[in-house]
Amino acid sequence: RWKVTPAGPCSSSCGLGLAVQLVTCVQILQGKEVLLEESLCPVAEKPLSSVPCVIRTCSYEWSFSEWTECSASCGNGVQSRQDFCLNPLTHQRVNPIFCRHFPKAIVVRGCSAGPCPEQVLESRPHGAGLQTLTPAVTTAAAQGATYRALDLPPSAAPQPQAESSGGEEPKGMLLDVFLTCLCSAGVCGKLFLNATGVINMTGVGSSNCTVAIGRPLGEEVTVSVLESSLNCSAGEVVLFSGRMVWRTGCRKLPLALINSRTNSLVVKQRVVLPGHGVVLQYNSRTATKKYHQDCDKQLFGPRGEIVNPAPRGGGVCRTFIDVAPRHRIALRALYTDLGTGSNQTHFTYILVRDVSTMRTVVFRGRQQFFWQSTGSQAEIEFHE
């Protein structure tokens, strides 16, 4: 039979570790225990020589390096820092997966190195330039285009440096959103906003091609494959992804019908052989089930405005930002005032989600930030 001695000390002072236990093959002969070769004991029944152990739960936290110098010698630039997950008991870095449930502070922020010699700075009047802008419906936003997102009326927008002078001041934040372009020719990288259309992704000249389809909230997108010349054995494939759908395919695509169940859908195609690809036809219709709240907003393209999305009495409102796949999004908070009362500290905050990686960052109080997406989709949640 197998004999197991008590396990030794745990290999980790906190969290999951391993404890080693001695496993030997023994037999009782004339009242004495005799050690035998392991091959004489049933191999399938041999206990593990190391077992999991937990002494206490670890308390992990995010830690950061120092900020880098401003990227610009004059004018506005960017600073960055490295983040890592830390075990506060051992002060050792651990796998970032241990910190995945904890909000992480910003790793990129704006900075100013003072005015450039040739730059003329003009002060803007209070509240100027914050007029209402309707969402653009262009499929290719100009590089460097911006829009301002504001969640309080322009007439009530205080200056960032303003101090409380008694009475109740409006709470909210002012965002600048910049779009950077990863431009490519042809259909790849475009955002389609019409109610219906045909997208030809054959012969695009690129092994990886991504397009996006967007419609107003309350609608859903359906896509059917009209033609497909993908070589499945060569690893060619097409991927359909959205907030409520994730589907890949290659074979029998002309019979496929994909329903986004929401108002947006991203199509990614990977081909190996020149000239291969798919031809898609998409349509939009009223959603069969309500997937959004009345206070949610949808922004497409380079311009838009967020006006006080949080409902009175508390709740969560979201703003969805979808741009062309060849663009990336950057958010910079110019003004933030989410309240300083002790009863609001843990309940009023803004959460920004990068849809492509599903990583989230939480901002509270008067914290200003600079945030960049890795993809062309972002979600902002306003918790009140």
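Because the structure is predicted, anything quoted here is derived from the model rather than measured.

Enquirer: Tell me what's going on with the overall build of the protein chain, and back it up with residues and numbers.
Expert: A tally of helices and strands in the protein chain yields zero helices and 28 strands. Counting over 384 residues, the protein chain shows a buried share of 41%. Partitioning the contacts of the protein chain with sequence separation of at least 6, the portion at a separation of at least 24 is 69%. Surface summary for the protein chain: the accessible area is close to 21400 Å², and the carbon and sulfur share equals 53%.

Enquirer: Outline the sheet that holds strand β21 (residues 278-286), supporting the account with residue identities and numerical values.
Expert: As summarised here, the arrangement of the four strands in space is β14-β21-β16-β19, forming an open sheet in which the pairing is antiparallel. Edge positions in the sheet fall to β14 (196-200) and β19 (257-259), since each has one partner strand and no second. Taking each pair of neighbouring strands and ignoring which way they run, the sheet shows an average axis angle of 20°.

Enquirer: Lay out empty space enclosed by the protein with the relevant residues and their values.
Expert: With the rule as written, the count across this model stands at three cavities of 30 Å³ or more. Around the largest cavity, the lining residues are Leu191, Ala212, Ile213, Gly214, Ser264, Leu265, Val266, Asp322, Val323, Ser376 and Gln377. For the lining of the largest cavity, the secondary structure elements donating two or more residues are β15 (208-214) and β20 (264-270). Shared between two domains, the lining of the largest cavity takes at least three residues from each, and those domains are domain 3 (191-286) and domain 4 (297-383).

Enquirer: Report on the pattern of salt bridges, specifying residues and quantitative values.
Expert: Evaluated as defined, the whole model comprises nine salt bridges. Between arginine 215 and glutamate 219 there is a salt bridge, and its shortest N-O distance comes to 2.9 Å. A relative accessible area of 14% places arginine 215 in the buried class. Salt-bridge contacts for arginine 318 lead to aspartate 296; the nearest nitrogen and oxygen are separated by 2.8 Å. Of the two residues, arginine 318 sits in strand β23 (residues 316-322) while aspartate 296 sits in the loop between β21 and β22 (297-300), which places them 22 residues apart along the sequence. One connected set of salt bridges, linked through shared partners, spans Arg1, Lys3 and Glu33.

Rules used in this analysis
- Residues numbered from 1 in each chain as written.
- Predicted model: local features only at pLDDT ≥ 70, side-chain atom pairs only at ≥ 80, totals over all residues.
- Heavy atoms only, no water.
- Helix = DSSP H or I, 4+ residues; strand = E, 2+ residues; numbered from the N terminus.
- Buried < 20%, exposed > 50% of the residue type's maximum accessible area, 1.4 Å probe, protein only.
- Contact = heavy atoms within 4.5 Å.
- Areas by Shrake-Rupley, 256 points an atom, 1.4 Å probe, with all protein chains shown as cover.
- Pairing = 2+ DSSP bridges.
- Axes fitted to C-alpha atoms, helices over the stretch in contact; angles between N-to-C directions.
- 1 Å grid on protein atoms, 1.4 Å probe; cavity = no way out; pocket = protein on both sides within 12 Å on 5 of 7 lines; lining within 4 Å.
- Points joined across faces, edges and corners; volume = space filled by probe spheres on them.
- Domains from an automatic or database assignment.
- Salt bridge = Lys/Arg side-chain N within 4 Å of Asp/Glu carboxyl O.

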